[in-house]
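Take a look at the letters that make up each chain.
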Amino acid sequence: MDLRIFTEPQQGATYDTLLAVAKATEDLGFDAFFRSDHYLSMGSADGLPGPTDAWITLAGLARETKRIRLGTLMTAGTFRLPGVLAIQVAQVDQMSGGRVELGLGAGWFEEEHKAYGIPFPKEKFARLEEQLAIVTGLWATEVGKTFSHHGTYYDLTDSPALPKPAQAKVPVLIGGHGATRTPRLAAQYADEFNIPFASIEDSERQFGRVRAAAEQAGRKAEDITYSNALVACVGKDDAEVARRAAAIGRDVDDLKANGLAGSPDEVVEKIGRYAAIGSQRIYLQILDLHDLDHLDLIAAQVQSQLA
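Residues numbered from 1 in each chain as written. Predicted model: local features only at pLDDT ≥ 70, side-chain atom pairs only at ≥ 80, totals over all residues. Heavy atoms only, no water.

Draft legend 1. Just the overall build of the chain, in detail. Each helix and strand in the chain was counted, giving eleven helices and twelve strands. A compact globule built from 307 residues should have a C-alpha radius of gyration of about 19 Å, and the chain, at 19 Å, falls within 12% of that. If you line up the chain on its principal axes, its C-alpha atoms span 60 × 45 × 35 Å. By the burial criterion, 53% of the 307 residues in the chain qualify as buried. In the chain, the proportion of contacts linking residues at least 24 apart, taken out of those at least 6 apart, comes to 73%. Surface exposure of the chain reaches about 13,400 Å², of which carbon and sulfur atoms provide 51%. For the chain, the centre of its 31 positive side-chain charges and the centre of its 42 negative side-chain charges are spaced 4 Å apart. (Helix = DSSP H or I, 4+ residues; strand = E, 2+ residues; numbered from the N terminus. Rg over C-alpha atoms; globule rule 2.2 N^0.38 Å. Buried < 20%, exposed > 50% of the residue type's maximum accessible area, 1.4 Å probe, protein only. Contact = heavy atoms within 4.5 Å. Areas by Shrake-Rupley, 256 points an atom, 1.4 Å probe, with all protein chains shown as cover. Lys, Arg positive; Asp, Glu negative; His and termini not counted. Charge placed at Lys NZ, Arg CZ, Asp CG, Glu CD.)

Dropping the structure here:
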């Protein structure tokens, strides 16, 4: 079971804070540092000092880390034109020496679009399909040849399809709870399928849909990596769990029911239940980015058991 660190900087974080978390992620042996792609805080968080851009952040981290994978859960398709996104991701992949992964979603948070003047189209999923076709098509185009796409939402003519990523293929992550279109899209484009904040039962059901869609599309279901994203709140004792839950404004019982919370042994046991239904990778949503001791504890007493 791979453990990855997943952050939500829109809730309030500077680049320096994210850099400290990324360096701890690398030093403690976690597999990857991922971040959300949002420009507006949610819930009661004030979001101070303001948002950071996902791909600018990852570009900086690409030069300041050496081993960990870097990526997004998920880049909002509404934020960027697909041709521009292909350039951005390829460049950051080059800057990192080939450590980038692209999670791409349709975008959903209308308020942040209103706040920053970003168009929020009614039909987002069909746009996402075209975006995936364009981004992957640009990367796959042989150097010296051109790429064209004439779709409903995007029109590219004779693109040189440059630059290329450092990796032969940047892993593409697709995720969500949709019962029909999401599995079909994952079967066509995903190297990894991620389901966020889902129960073991819902995860098993959705993984099954993706497996079936992959086989129907002529792919081997096992060619796709299956993963979960879950909030983490781990403590060496009940008091520490309660303190960490209070720091992120969450109830301990709710966290235990819907996330990975409790003692290291409790968390390891629950991760094992996700592994039993086919989850191969867990993204630990870390909401208090100043509590690096939390990462130390997870590395020493959770990750070590899973290894």
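There's more to say after this.
Draft legend 2. Layout of the pattern of salt bridges. Enumeration according to the criterion identifies 20 salt bridges in this entry. The closest approach of N and O atoms between Asp-191 and Lys-169, which form a salt bridge, is 2.7 Å. Within this pair, whereas Asp-191 is found in the loop between α6 (181-189) and β9 (192-196), its partner Lys-169 is found in the loop between β7 (155-159) and β8 (172-175), the two being separated by 22 residues in sequence. The partner of Asp-254 in a salt bridge is Arg-250, with the nearest N and O atoms 3.4 Å apart. Of the residues examined, Asp-254 reaches a relative accessible area of 30% and is grouped as partly exposed. Through salt bridges with shared partners, one network takes in Lys-236, Glu-240, Arg-243, Arg-244 and Asp-291. (Salt bridge = Lys/Arg side-chain N within 4 Å of Asp/Glu carboxyl O.)

Draft legend 3. Main features of the packing of helix α5 (residues 125-140) against α6. Put simply, α5 and α6 touch, their axes get as near as 11 Å, and they point 5 degrees apart. Taken as axis vectors, α5 and α6 run roughly parallel relative to one another. For the pair formed by α5 and α6, the contact residues are Phe-125, Leu-128, Glu-129, Leu-132, Ala-133 and Thr-136 on the first element and Arg-181, Thr-182, Arg-184, Leu-185 and Tyr-189 on the second. Of the residues belonging to the contact of α5 with α6, the class tally is six nonpolar, two polar and three charged. (Axes fitted to C-alpha atoms, helices over the stretch in contact; angles between N-to-C directions. Parallel < 35°, antiparallel > 145°, perpendicular 65-115°, else oblique. Nonpolar A, V, L, I, M, F, W, Y, C, P; charged D, E, K, R; others polar.)

Draft legend 4. Just helix α7 (residues 200-216), in detail. Taking 1.5 Å as the rise per residue, α7 with 17 residues should run 24 Å; its terminal C-alpha atoms sit 24 Å apart, in good agreement. As for α7, its buried residues are in contact with α6, β9, β10 (225-234) and α10 (264-276). Gly-218 occupies a position one or two residues after α7 and carries a positive phi of about 90 degrees. (Expected span 1.5 Å × (residues − 1).)

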